[in-house]
Amino acid sequence: MNPRMMSLNVPFSRTSYRPTKQLKWQLLLLFPWFIPLVTYLLLGPQYLYHLPTFVGATLLNTSIGVACQLLLDLLPQHIAARYPDIRQTGQRLALLLLSFMTITPLAILAALWVYEHWSLFGYVYQPGTITRILLFNVVINLISVGAFESVYSLTKWRENMLEKEQLKKINLQSQYESLKNQVNPHFLFNTLNSLSSLIADEPERAEEFVDEMAKVYRYLLQTNRRSDTSPDSDLTTLATEMTFIHSYFHLLKTRYGAGIELQVDIIESDMDCLLPPLTLQMLVENAVKHNVIHANKPLVIEIKSAPEARLLVRNNLQRKTTRVLSNQVGLSNITAKYRLLAQQRNSLNPATSTVFVDESNDFFTVSLPLLNQPQA
């Protein structure tokens, strides 16, 4: 990926290992009785009545236990990073159990081999001891996995609920900003001014302009009446969005003439895909807002299909010398809409909710995911 390209929706990123709270509680609550009990099962009464044996065996088994527990604290974090979603609980639990049930018995058997090979602390093999220790270990593993998964699932559920509420707020803000921009007096004034200049000089073009203007505002009103009661109620097909963009661009072309161009290269199969309405209008509007538009230096806006079901919206960069007031919510709102849609559709693929922005010296490019039609 281009080093200057950034994702506006940052997925899970792996960080350096940090001990979990569960590890700390296990070391405080589990080890003080688990280590002495296992050591007693290994060595018998001499463990309690011979101080050097008690101290030495306790320290050795505690060291082995801590090393094993650190590994068992690291692995669940990697498993949770690979299968982070609540809907992946089954996969996560299976891998957790497999890890715990593999590592701890191996650690126990390795420790027993060391005890027996070097006859540490007078250890003597007794039939049934290993079986009892392994069975006891199975119980501890089930408790540990259950505790980890319970804490993780509860935390993840709370995070998802909080994020969903935040995204809903952002989406509502986006709808408000969109509506506010659509009835922006400057845009309305410029549109009516263009119409006024056409009426006297080119009445036929004025009539065509009025038709396109009516289509634009009809689409804007219809879009803002949509509800968000279902995952796809706030989506539109790319074909519908492009029909609107052609009408919207007609207004811009009438105003700027040779100073602005629109190039469209979309494959037919993409036209049935879905995206949030007014997404393209917002990107086109941003391009017009932040760049110089001149007949000798036209602003060229491209909308074209890209691999992996994505849509590229690109314009040549010729930024205005004067600072343009921007509330910086346009791209953020588009991103928030995609993330909210991904949650509503229960999407596990980050690509379906990620908006990429690439700004080079010559071009400003936004890459949007195109969503598939819901299956009947």
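Refer to the structure above for everything that follows.
Values in this document were obtained by computation on a predicted structure and should not be read as measured data. (Residues numbered from 1 in each chain as written. Predicted model: local features only at pLDDT ≥ 70, side-chain atom pairs only at ≥ 80, totals over all residues. Heavy atoms only, no water.)

Novice: For this particular structure, what's the right way to read the overall build of the protein chain?
Specialist: Looking only at helices and strands, the protein chain has ten helices and eight strands in total. Taken over 376 residues, the protein chain has a buried fraction of 40%. When the accessible surface of the protein chain is summed, it comes to about 21400 Å², and 61% of that surface belongs to carbon and sulfur atoms. (Helix = DSSP H or I, 4+ residues; strand = E, 2+ residues; numbered from the N terminus. Buried < 20%, exposed > 50% of the residue type's maximum accessible area, 1.4 Å probe, protein only. Areas by Shrake-Rupley, 256 points an atom, 1.4 Å probe, with all protein chains shown as cover.)

Novice: For this particular structure, what's the right way to read the pairing of strand S6 (residues 310-316)?
Specialist: One face of the sheet, then the other: side chains in a regular strand alternate in exactly this way. Of all the seven residues making up S6, five are buried; the element is thus mostly covered by neighbouring parts of the structure. Direction of pairing for strand S5 (residues 299-306) relative to S6: antiparallel, over a ladder of six bridges. Counterpart to Ile303 in the pairing with S6 is Val313. Hairpin connection of S5 to S6: three residues between the antiparallel strands, including Glu308 at a positive phi of 60 degrees. (Pairing = 2+ DSSP bridges.)

Novice: Please clarify how the side chain of Asn137 should be interpreted in this entry.
Specialist: Within the secondary structure, Asn137 is located in helix H5 (residues 129-182). Asn137 has contacts with Thr104, Pro105 and Ile108, leaving out every residue within four places of it along the chain. (Contact = heavy atoms within 4.5 Å.)

Novice: Would you explain the environment of Lys289 in this entry?
Specialist: Inspection of the secondary structure assignment puts Lys289 in helix H9 (residues 279-290). Along the sequence, Lys289 and Arg319 sit 30 residues apart, while their C-alpha atoms lie 9.3 Å from each other.

Novice: Even after reading the chapter, I still don't get the nonpolar core, so can you show me in this structure?
Specialist: Within soluble globular proteins, side chains that are nonpolar tend to cluster in buried spots. In this structure, Leu238, Met242, Phe244, Leu280 and Leu368 are the most contacted members of the largest nonpolar core, which totals 47 residues. If we ignore the near neighbours within four places in the chain, the residues touching Phe244 are Val216, Tyr219, Leu220, Leu278 and Gln281. In this structure, Ile35, Val38, Leu112 and Tyr115 belong to the second largest nonpolar core, which totals 15 residues. (Core = buried A, V, L, I, M, F, W, Y, C linked by side-chain atoms within 4.5 Å.)

Novice: So what exactly am I meant to see when it comes to the pattern of salt bridges here?
Specialist: Charged atoms that come close allow side chains of opposite charge to pair. Counted by the stated rule, this structure contains six salt bridges. With a shortest N-O distance of 2.9 Å, Glu302 and Arg314 are connected by a salt bridge. Of this pair, Glu302 sits in strand S5 while Arg314 sits in strand S6, and the two are twelve residues apart along the sequence. The structure contains a network of salt bridges with shared partners spanning Glu302, Lys304 and Arg314. (Salt bridge = Lys/Arg side-chain N within 4 Å of Asp/Glu carboxyl O.)

Novice: Whenever I open this one, the packing of helix H8 (residues 238-256) against H9 confuses me. Can you help?
Specialist: Geometry of a packed helix pair, given as the angle between the helix axes and the separation of the axes. Two elements in contact, H8 and H9, have axes whose closest approach is 9 Å; the angle formed by their N-to-C orientations is 25 degrees. Classified by the interaxial angle, the pair formed by H8 and H9 is roughly parallel. Pair H8 / H9 crosses with right-handed handedness. Seen from H8, the contacting residues are Leu238, Glu241, Met242, Phe244, Ile245, Tyr248, Leu252 and Tyr256; seen from H9, they are Thr279, Leu280, Gln281, Val284, Glu285 and Val288. Across the contact of H8 with H9, the residue classes break down as ten nonpolar, two polar and two charged. (Axes fitted to C-alpha atoms, helices over the stretch in contact; angles between N-to-C directions. Parallel < 35°, antiparallel > 145°, perpendicular 65-115°, else oblique. Left-handed = near helix turned anticlockwise from the far one by under 90°. Nonpolar A, V, L, I, M, F, W, Y, C, P; charged D, E, K, R; others polar.)

Novice: What exactly am I supposed to notice about a negative patch on the surface here?
Specialist: The grouping of Glu204, Glu207, Glu208 and Asp211 at the surface amounts to a negative patch. If you trace the backbone, Glu207 turns up in helix H7 (residues 203-224). (Patch = residues over 30% accessible without salt bridge, like charges linked within 9 Å, V, L, I, M, F, W, Y side chains within 5 Å. Lys, Arg positive; Asp, Glu negative; His and termini not counted. Charge placed at Lys NZ, Arg CZ, Asp CG, Glu CD.)

Novice: Help me understand the packing of aromatic side chains in this model?
Specialist: Aromatic rings in a pair are described by how distant their centres are and how their planes are angled relative to each other. Under the defined criterion, the tally for this structure stands at ten aromatic pairs. Pairing Phe34 with Phe136 gives two aromatic rings, centres 5.6 Å apart and planes at 15 degrees, and the pair type is stacked. Residue Phe34 is found in helix H1 (residues 21-43), and its partner Phe136 is found in helix H5; the two are separated by 102 residues along the sequence. Relative accessible area serves as the criterion here: at 22%, Phe136 is assigned to the partly exposed category. Cation over ring: Arg314 sits above Phe363, and NZ or CZ is 4.0 Å from the ring centre. (Phe/Tyr/Trp six-rings, centres within 6.5 Å; stacked < 30°, edge-to-face > 60°. Lys NZ or Arg CZ within 6 Å of the ring centre and 35° of its normal.)

Novice: What exactly am I supposed to notice about the packing of H1 against helix H3 (residues 51-82) here?
Specialist: Where H1 contacts H3, the axes come no closer than 9 Å and their chain directions differ by 135 degrees. With respect to each other, H1 and H3 are oriented oblique. Once H1 is placed against H3, the crossing between them reads as right-handed. Every residue of H3 that contacts H1 at Leu23, Gln26, Leu27, Phe31, Ile35, Thr39, Leu42 and Leu43 is listed here: Thr53, Ala57, Thr58, Asn61, Thr62, Gly65, Val66, Gln69, Leu70 and Asp73. Partitioned by chemical class, the residues of the contact of H1 with H3 number nine nonpolar, eight polar and one charged.

Novice: Please clarify how H9 should be interpreted in this entry.
Specialist: Along an α-helix, residues three or four apart share an orientation, since each turn contains 3.6 residues. Compared with an ideal rise of 1.5 Å per residue, which puts twelve residues at 16 Å, H9 spans 17 Å between its outermost C-alpha atoms and is within 8% of the ideal. Among all positions of H9, only Thr279, Leu280, Gln281, Met282, Leu283, Val284, Ala287, Val288 and His290 are buried. (Expected span 1.5 Å × (residues − 1).)

Novice: Looking at this structure, I do not really get the pairing of strand S8 (residues 363-369). What am I missing?
Specialist: Of all seven residues that make up S8, six are buried, and the element is covered over most of its length. Direction of pairing for S6 relative to S8: antiparallel, over a ladder of seven bridges. Across the sheet, Arg310 pairs through a bridge with Pro369, a residue of S8. Bridge analysis of strand S7 (residues 356-359) against S8 gives four bridges, and the strand direction is antiparallel. The partner of Val357 across the bridge, within S8, is Val366. In this antiparallel pair of consecutive strands, S7 and S8, the connection spans three residues.

Novice: Would you take a moment to explain the environment of Asn141 for this structure?
Specialist: Mapped onto the fold, Asn141 is located in helix H5. Placed 44 residues apart in sequence, Asn141 and Leu97 show a C-alpha to C-alpha distance of 7.7 Å. In this structure Asn141 touches Phe100, Met101 and Thr104, once residues within four positions along its chain are discounted.

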